[in-house]
There are 2 protein chains.
Amino acid sequence: MTFPSIELSLPAWVEEVVDDTTKRFATAEQRMRLAIALAQRSSEEGGGPFGAAVFEIETGRLVAPGVNLVVPAHCSAAHAELVALSIAQKVLGSFDLGADPLPAHQLVTSTEPCAQCFGATLWSGVRSLVCGARGEDATQIGFDEGPKPDNWVQELKQRGIAVHRDLLRPQAAEVLKNYARRGLPIYNSRQGANPGR
Amino acid sequence: MTFPSIELSLPAWVEEVVDDTTKRFATAEQRMRLAIALAQRSSEEGGGPFGAAVFEIETGRLVAPGVNLVVPAHCSAAHAELVALSIAQKVLGSFDLGADPLPAHQLVTSTEPCAQCFGATLWSGVRSLVCGARGEDATQIGFDEGPKPDNWVQELKQRGIAVHRDLLRPQAAEVLKNYARRGLPIYNSRQGANPGR
């Protein structure tokens, strides 16, 4: 094939953050602590300060973690949510995490989804979205989150996806603030001669 | 690693549609004819009826084709636009197709981007988006295109991305109509017990 495949691999350190794959994450707060831990470790390891994970809602089983791979993988789409959702679908062999006979799944993300990952959440088949930091916590340190519909939460709910915001928001936002304090790269695109805004 | 990598590979038949990689696509219409040909062939080969490609704007060089891989790759995010953009970024070794010293790039898509691919376009670094069929041509045959901001074209333009709509729209929409006539799968997610709308 003349054109290469797209390959997105989690960094090896993810196995240190997720050290026990038999562990059950009973509460939304436990799940969010994992997403925040992934975001924190990612920012220490040269990645973007964003983490996410897909769980079975009822059992709390971790199906797939995700971290932001934009810079290391040269892939602007490789946000933590899209990575976690795509790995979960690969694990389960289904493009629809809501397909029969699968149990219901939940996406937990350290920062609210951007414009792209809002759409990716819609198509993934998850039944629940749990968010830590707000989009404005990311834009405050310079990341462009893009325009979502004003009623994006309602749009998800109308499609059968429950939304829980602001879970451990201060702790999640602290990861972003630390990233900015350390002067790490804000890797928005179109940084060339005609950068747009 | 406990968790698998995401791997998205173009089908082998793409090399038959793109039979001469030295060819230059001088006009937007020539580029759209390639995107439509990819969409048509994809629908004949068991994929989704969507095609896209990334070109150098000035030279017309094809950087990367893309087709919808949702069903074959078990990946709801693998829309034609996201596939083409991600392959182009891999070819060029940059998450930003607008980075210096790269030439300006254009995304050409057989159907307007959905909610997710609208966001993916924003982050890709392209300077130009050319669309064939409208989103409503896809929704008319049952695909959910998702909610984009009402002023999504303006949002792209404000970020330095020119938008050209309705290029060869009848030919592009015909691929969608043919797909529907043949009763091929409309693979929206959340088709399980609680499908949302």
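Data block above holds the structure.
Enquirer: Just give me the short version of unusual backbone geometry, but keep the residues and values in it.
Expert: Note on backbone geometry: most residues besides glycine have negative phi, and most peptide bonds are trans. Residue P101(A) is reached from D100(A) by a cis peptide bond, and omega for that bond is 0°. Unlike most non-glycine residues, D166(A) shows phi in positive territory, near 70°. Inspection of the secondary structure puts D166(A) in the loop between β6 (162-164) and α8 (169-181). Owing to a relative accessible area of 30%, D166(A) belongs among the partly exposed residues under this scheme. Positive phi, close to 55°, is recorded for L168(B), a residue that is not glycine. Within the element layout of this structure, L168(B) appears in the loop between β6 (162-164) and α8 (169-181). For L168(B), a relative accessible area of 11% puts it in the buried group.

Enquirer: I'd like a rundown of the sheet that holds β6(B), residues and numbers included.
Expert: All names here are of chain B. If you walk across this open sheet you meet the five strands as β3-β2-β4-β5-β6, and the pairing is mixed. The strands lining the two open edges of the sheet, one partner per strand, are β3 (62-67) and β6. Across the sheet, the axes of successive neighbouring strands diverge by a mean angle of 15°, strand direction being ignored. In the sheet, strand β4 (residues 105-111) pairs with strand β5 (residues 128-133) via five bridges, with the strands oriented parallel.

Enquirer: Lay out the sheet that holds strand β4 (residues 105-111) of chain A in plain terms, naming residues and giving numbers.
Expert: All names here are of chain A. Pairing is mixed in the open sheet, where five strands are placed in the order β3-β2-β4-β5-β6. The two strands at the open ends of the sheet, each matched to only one other strand, are β3 (62-67) and β6. The average angle at which neighbouring strand axes cross in this sheet is 15°, direction not considered. By the bridge criterion, three bridges tie strand β5 (residues 128-133) to β6 in an arrangement that is parallel. Across the sheet, the residue bridging to L129 is V163, located in β6. In the packing of helix α2 (residues 28-44) onto the sheet, the strands contacted are β2 (51-56), β3, β4 and β5, and the crossing angle to β4 comes to about 45°.

Enquirer: Could you give an account of the pattern of salt bridges, with specific residues and numbers?
Expert: Side-chain pairs of opposite charge can arise where the charged atoms are in close proximity. One pass over the full model with this rule turns up 22 salt bridges over all chains. Here R169(B) makes a salt bridge to D137(B), at a shortest N to O gap of 2.9 Å. Highlighted residues: R169(B) in helix α8 and D137(B) in helix α6 (residues 135-139), separated in sequence by 32 residues. Of the charged contacts, one joins E155(B) and R159(B) as a salt bridge, the two residues approaching to 3.0 Å between their closest N and O atoms. Residue E155(B) shares its accessibility class with R159(B), and that shared class is buried. One network of salt bridges, with partners in common, ties together E112(A), R134(A), R165(A) and D166(A).

Enquirer: Which residues make up the interface of chain A and chain B, and what are the values?
Expert: Contact residues are listed per partner, giving 75 residues for chain A and 75 residues for chain B. Where chain A abuts chain B, roughly 6,100 Å² becomes buried across the two surfaces, and 59% of that area is made up of carbon and sulfur atoms. The interface formed by chain A and chain B contains two salt bridges. Of the charged contacts in the structure, one is a salt bridge between R159(B) and D144(A), with a shortest N-O distance of 3.2 Å. Summed over the shared surface of chain A and chain B, the number is 16 residue pairs in polar contact (both at pLDDT 80 or more). Mapped onto the side of chain A that touches chain B, the elements with two or more residues apiece are β1 (6-8), α1 (14-17), β3, α3 (70-73), α4 (80-92), α5 (115-124) and α7 (152-158) of chain A. No other element matches the eight residues that α5(A) contributes to the side of chain A that touches chain B. The class makeup of the residues in the side of chain A that touches chain B is 37 nonpolar, 25 polar and 13 charged. Sheet topology places β1(A) next to strand β1 (residues 6-8) of chain B; three bridges connect them, and they run antiparallel.

Enquirer: So what about helix α4 (residues 80-92) of chain B? Which residues, and what values?
Expert: Between its first and last C-alpha atoms α4(B) spans 18 Å; for 13 residues at 1.5 Å apiece the expected length is 18 Å, and the two agree. Within α4(B), 10 of the 13 residues are buried, which leaves the element mostly enclosed by the surrounding structure. Those residues of α4(B) that sit buried are A80(B), E81(B), L82(B), V83(B), A84(B), L85(B), S86(B), I87(B), A88(B) and Q89(B). Buried-residue contacts for α4(B) involve β1 and α4 of chain A together with β2 (51-56), β3, β4 and α5 (115-124) of chain B.

Enquirer: Please give an account of the environment of Q171(A) that cites residues and values.
Expert: Residues and elements named next belong to chain A. Along the chain, Q171 turns up in helix α8. Among the residues examined, Q171 registers a relative accessible area of 36% and is labelled partly exposed. The spatial distance from the C-alpha of Q171 to the C-alpha of V130 is 14 Å, given a sequence separation of 41 residues.

Enquirer: Describe the relation of the copies chain A and chain B, with residues and values.
Expert: Expressed as a screw operation, the relation of chain A to chain B combines 0.0 Å of axial shift with a rotation of 180°, fitting to an RMSD of 0.0 Å. Seen this way, the second copy is the image of the first under a two-fold rotation axis. Most of the interface of chain A is mirrored in chain B, where 100% of its interface residues again form contacts.

Analysis parameters
Residues numbered from 1 in each chain as written. Chains lettered and ligands numbered in written order. Predicted model: local features only at pLDDT ≥ 70, side-chain atom pairs only at ≥ 80, totals over all residues. Heavy atoms only, no water. Helix = DSSP H or I, 4+ residues; strand = E, 2+ residues; numbered from the N terminus. Buried < 20%, exposed > 50% of the residue type's maximum accessible area, 1.4 Å probe, protein only. Pairing = 2+ DSSP bridges. Axes fitted to C-alpha atoms, helices over the stretch in contact; angles between N-to-C directions. Contact = heavy atoms within 4.5 Å. Salt bridge = Lys/Arg side-chain N within 4 Å of Asp/Glu carboxyl O. Buried area = accessible area lost by both parts, 1.4 Å probe. Polar contact = N/O pair within 3.5 Å; in protein donor to acceptor, adjacent residues only side chain to side chain. Nonpolar A, V, L, I, M, F, W, Y, C, P; charged D, E, K, R; others polar. Expected span 1.5 Å × (residues − 1). Least-squares fit on C-alpha atoms with pLDDT ≥ 70 in both.

These values are about where atoms sit, not about what they do.
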